[in-house]
Each structure stands twice: as C-alpha cells, then as structure tokens.
Amino acid sequence: METESEPYVRLTTLRQLHQVMADMNTARSLADTLQTVADGVVNGLGYELACVNLVRPDGDLVVAALSGNSAAEALITGRVGSRASWDRRLNMGEAWGDLRFIPHTEGWVLDEDDVPQWYTDGPAPRFEDEWHPSDRLFAPMYTPGAGGASCGELLGVISVDRPRNGRRPGAWGREALQMYAFQAAIAISNARLRANMQRALVRLEREQQALRASEESFRQAFEYAPSGMAIAEMGGDQHGRLLRTNDALCRLLGRPASAMRRYAFSDLVHPEDIGTLLRTSAEGGRAELRLGRRDGTYVWVSLRNSVVADAADGPRFLLTHVEDIEERKRRELQLAHRASHDALTGLPNSAELRSRLSARICQRPQSLPAGAAADSMNAAFGQFGEQGEGGDFGEYGAEHAARLPHPSFDAYEAAGRSGHAFDFHAVGRPYDAFDHHVHAVAPEDDRDDGTKGLAVLFCDLDGFKSINDRFGHNAGDAVLIEVARRLSRGVRDGDTVARLGGDEFVVLADGLGRADAQDLAVRLRNEIIQPIRVDGRAMRVGASFGIGWAHCGMTADEVLKSADERMYVEKRSRPRQHRRAG
C-alpha cells in the first residue's frame, strides 16, 4: 500500500475506507453487516482474503462471513473454533498495536488446532518484508469503551491474508486495519442492538396481539356468559361500585346496565345478608345470598368473587360470578318443610313441635319460693290423686292404663336411645344475668291467678275410627285435613298447631291464663264438631282437649305427657254419648 506516490495512495485508501464504513452502517441486518465487514477488507484495504469470526454466547468463535475466495467460503463458513485456541493465537507472535501478526516461522504450531483456516500456496519470500503464504494477521474487535477506546469485551476477530502488493503492511496499513476493526466493532454492536430491538418489537407485537385476543375472548365470555358476571372496584371511596355488568345479570335483576353502574352489591343485597357479602368481598371466595330485583323482590344467588390483583399495586378489582339458585333454594326449602311438617295436613309434625317447644323452655326452672317448684310441677301435670289411687277410671280406664305413658312418647324415647331420632331437648346450661331468655311459668292451681304462661292443648278426635272403618281412609284423610284447617283458623298468628300423628293434634299458645286456655279449647271444639262434608256426605267428629302448661325445668316430652293425661281426664269426665258431638 506504501509506494512512491504514498500521499495519493493514502487519499485513495481513505476514500475507500469511508465508503466501506458507510456500507457497514447501512446494512439491514447483522448477517449483512458481517458480510459487509469482510467485503470491506477486500475492497477497501487491499487484501485478497478476509474472514470475520464472531464470538458466540458460549464464548467460542464461529466463522460468520468470508470474502475473496468462494471455495474457502464454502469450506469454513459456519465452522467453530474454541475460545482457548483463539486466546492462544491472540497471545503469540508480534503485537502491532491491537493487531496480532504471527509469522510463518512461528505459525506452524497452529496447523493442527481446531480454529477453521485455509491454506494458500506460494513461493518462499525473496526479501524481508515479503508476505509468506503461512503468515497470519488478526485484527481483534472489542466493544467500544469510554472515550472511544477499544478496551471492552471481545466481539470477534478479523483474519486477513495475501496483501495485493505482496508485502507485510507498513505503519499506515496497520493503522488502517486497526481503525477498520474498531469501526467494524461499532457497526456489529449497532447491528446486534438493532436485531435485538427488532426481536423485542416483534415479541412485543405478538404479546400485544395475544393480549388483544385474550381481552376479546374475555369480553365475549363476559358479555355472553349464560350466568351473571360483574366487575366491581376495590379500595378507595368507590369500593364495591359496579363498573361493568353483563346482560345475564341485568336480566336476572331486571335492571338496565346503565342503572347497574350506579349501585354496589351492598346496595342490592338483602339486609340480612350484608355481613356475608362483606366477608366474601374482602376475602374472595363464594357465598349464597339474596339480591334485590327492580320489582322489590329478592332472588337467591350463588356469588363467587375473584380478586384480580397486580403484583406491584395490589388488588385492582373484583370479578364476580352470579348464578341464579332460586330454584335450588326453593327445592331445599320444600325438603326442609317436608322434613318438619306433616305430609297430609301441612301442619308442623312431632319433631318440629318438640323443637319449637324446646326452644321456648330451658332446663333450669325459674327461681321460686321453697316448695313452689314442686307445686308448680303438680299444677302442670294436674292432680290425679283421687282417680290414681283406686279410683274408677270408667270405660276408658283400661285404655288409659295401657296408653300411659303415651306410646308415641315411648317410641320417640326408644328411637332416641337407638340413635335414629332427632334430639330436640333443650341444651342444659346456666342462665346468668346477661341471658335474655324469658322463663316460662305455669299457673300454680286450678284458679285463674292472672299468671300468663305457655298453654299446651292436646286434642284427640272422638269418633274418627268409625269414619275410617265405614267410609275408608280417603274419607278419614279428608276429615283430618279439614280439622287441621279449622284448628289453624281458630288460633292466633303466633300460635302453633301441630299434628302428632293419627287423630292427635297439639296447640301451643303463649301468654294465656287458665281461663283463656279453657275458652280457646271450647272455641276449637265448637269448630271441630261442625259437620264435615266429604264426597257429598256430612260427617261429624268430636274432640277432647287436655290443657297442660309448660315451664322451664321441664322437657318437651314431659310437657306433652302432662297435656295428654289431662286430655284423658277430660275425655272420661264427659258422657260417652256426647263425646262425638262434643
């Protein structure tokens, strides 16, 4: 490159370098940049062969581009040399600045290593600075450091061979190759950066497309879900406010979407379910509660909350799924009603009666003067001394002796012992000054002393068996249904009418005195003895009532037993011919 007209040559070389550097910085991809670097050495720096070895992520160097010899390009492009072999080469020979020159007298030891290389034939040098075919010249490329110094990490190595003038490069040629390697490192770094940015942009675009597709899928799933869906705010002044609702929820509650955005679920929930809603909103999860419709009614729903959270900012909003469970709740209530009510008459059954009675009385009697507790118990059970000690029970004496204690109570007690019955006895516990239980008391004697208590009227139908025998069970069922209707019609709203079984009914009426209870029994008997028409026939039954009194310290079975015994006393006290007609 250096001749007699060296200033002219240097100017021409500078123009060529300027052109090839411009080409390096305008290449469209990393592969184009690497090939442009190799071509620039051949076209701008006067070498017949140039190879670009690029450092891979694992540290080894791969032949990424070759220019000047198509056969050599096909032979070694893509082949890999180990980093250890390259480090050996870059630490031997002569250091020309950042360049490394290995003369043929030393390079023969490299012929058998794993670095891809080509071999050129040629005559032996005739003078000292003539290029030998086995000479090697390497230009390392480093990432640019501060102030433009090439002191960063190794990016790759440019290998050159066979200068066109046949001589080893002089000071100007070495400087030009070193400058070129520095600019090539910048161009390769920029190309890598552009490639990484392009990949990032492609990845970002794909992620955005996936996000848009996911949002569209969520929108369609939200809008067209067969059950109700809602999105509500979390935190802040607008906590719980509905941001978005789907058509299914709007139809369920009978409210337009525009109106729903003015509400929170706390505005729509039944007052009794507000605590359940607040716990569910705070914790996520699932709950069953009632939501208000536009017409003022309530619908049972299953509400499932999912807290949608951001890793940095915490909870963002609530995604709520609302399922209509009105039909299931209706069936559950029906099943519960069937379990606690008589299938024929619809009245509370024996188990429900005992449950209600046990809920009203406790196992600790109310504080009474000495001896008063026993007197109160005797008053509740009634006085049977005269008949119980040798007295003649009359026609029903044998039946009464066989039935006391009442068979139904024995059956319940036996079932309780065998583990196949509900236990509705009150749970014994101390009632202290803070308890709000109102103790039930019973009048102390047969006179009406003004005491108001819980009256238990035990009703047994007279003449019902003959109706079953003469007209069949269908007629008997019709009579029982009508008797249940008349009893229910004859009591107050808060009273309980229950069917124990067969032709036995019980009425619980709280807040009555003795005279009130007797008047109630008379009114109910008068209702029952009225003719009952079944399939065009007029039928009549009578009714015997026994009045017992419940007070704390008794069990439900004891209360019912006392009323049953009083009923038989009342039945025996009336002439037989008047029993059916009352």
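What counts, and where the lines are drawn
Residues numbered from 1 in each chain as written. Predicted model: local features only at pLDDT ≥ 70, side-chain atom pairs only at ≥ 80, totals over all residues. Heavy atoms only, no water. Helix = DSSP H or I, 4+ residues; strand = E, 2+ residues; numbered from the N terminus. Buried < 20%, exposed > 50% of the residue type's maximum accessible area, 1.4 Å probe, protein only. Contact = heavy atoms within 4.5 Å. Areas by Shrake-Rupley, 256 points an atom, 1.4 Å probe, with all protein chains shown as cover. Salt bridge = Lys/Arg side-chain N within 4 Å of Asp/Glu carboxyl O. Pairing = 2+ DSSP bridges. Axes fitted to C-alpha atoms, helices over the stretch in contact; angles between N-to-C directions. Left-handed = near helix turned anticlockwise from the far one by under 90°. Nonpolar A, V, L, I, M, F, W, Y, C, P; charged D, E, K, R; others polar.

With that out of the way, let us pick up the overall build of the protein chain. When its secondary structure is counted, the protein chain shows 20 helices and 18 strands. Counting all 582 residues of the protein chain, 43% fall into the buried class. Partitioning the contacts of the protein chain with sequence separation of at least 6, the portion at a separation of at least 24 is 62%. Of the roughly 30700 Å² of accessible surface on the protein chain, 51% is carried by carbon and sulfur atoms.

With that out of the way, let us pick up the pattern of salt bridges. Side chains carrying opposite charge are able to pair once their charged atoms draw close together. A complete count under the given rule lists 34 salt bridges for this structure. Residue Lys329 is joined to Glu332 by a salt bridge in which the shortest nitrogen-to-oxygen separation is 3.7 Å. Taken together, the positions of Lys329 and Glu332, both in helix H11 (residues 326-340) and 3 residues apart, correspond to about one turn of that helix. Judged by its relative accessible area of 16%, Lys329 falls in the buried class. Lys571 serves as the salt-bridge partner of Asp460, at 3.1 Å between the closest nitrogen and oxygen. On the criterion of sequence distance, the pair formed by Asp460 in strand E13 (residues 453-462) and Lys571 in helix H20 (residues 556-572) is long-range, its members being 111 residues apart. For the pair Asp460 and Lys571, a shared accessibility class is recorded, and that class is buried.

The next subject is the sheet that holds strand E1 (residues 47-55). Ordered by their spatial adjacency, 7 strands build an open sheet running E3-E2-E1-E7-E6-E5-E4, and the pairing between neighbours is antiparallel. Looking along the sheet, the strands with just one partner apiece sit at the ends: strand E3 (80-81) and strand E4 (94-96). Here E4 runs beside strand E5 (residues 99-102); their pairing, made up of 3 bridges, is antiparallel. By the bridge assignment for E5, Ala95 is matched with Arg100. Along the sheet, helix H2 (residues 30-44) makes contact with E1, strand E2 (61-67) and strand E7 (154-163), crossing E1 at roughly 150 degrees.

Two elements in contact, helix H18 (residues 473-489) and helix H19 (residues 514-528), have axes separated by 9 Å at closest approach and are oriented at 145 degrees. When you trace H18 past H19, the crossing you get is right-handed. Seen from H18, the contacting residues are Val483, Arg486, Leu487 and Arg489; seen from H19, they are Leu524, Glu527 and Ile528. The residue makeup of the contact of H18 with H19, split by class, is 4 nonpolar, no polar and 3 charged.

So, about the pairing of strand E18 (residues 542-550). Judged by how many residues are buried, E18 sits mostly within the fold: 9 of 9 residues are covered. Two elements, E13 and E18, share 9 bridges in a ladder whose sense is antiparallel. For Leu461, the partnering residue across the bridge sits in E18 and is Ala543.

Turning to the environment of Ala498, a few remarks are in order. For Ala498, the location among the structural elements is in strand E14 (residues 496-501). Each C-alpha atom of the pair Ala498 and Phe458 lies 9.8 Å from the other, and the pair is 40 residues apart in sequence. With residues near it in sequence (within four places) discarded, Ala498 still touches Leu347, Pro348, Asn349, Leu353, Glu504, Phe505 and Val506.

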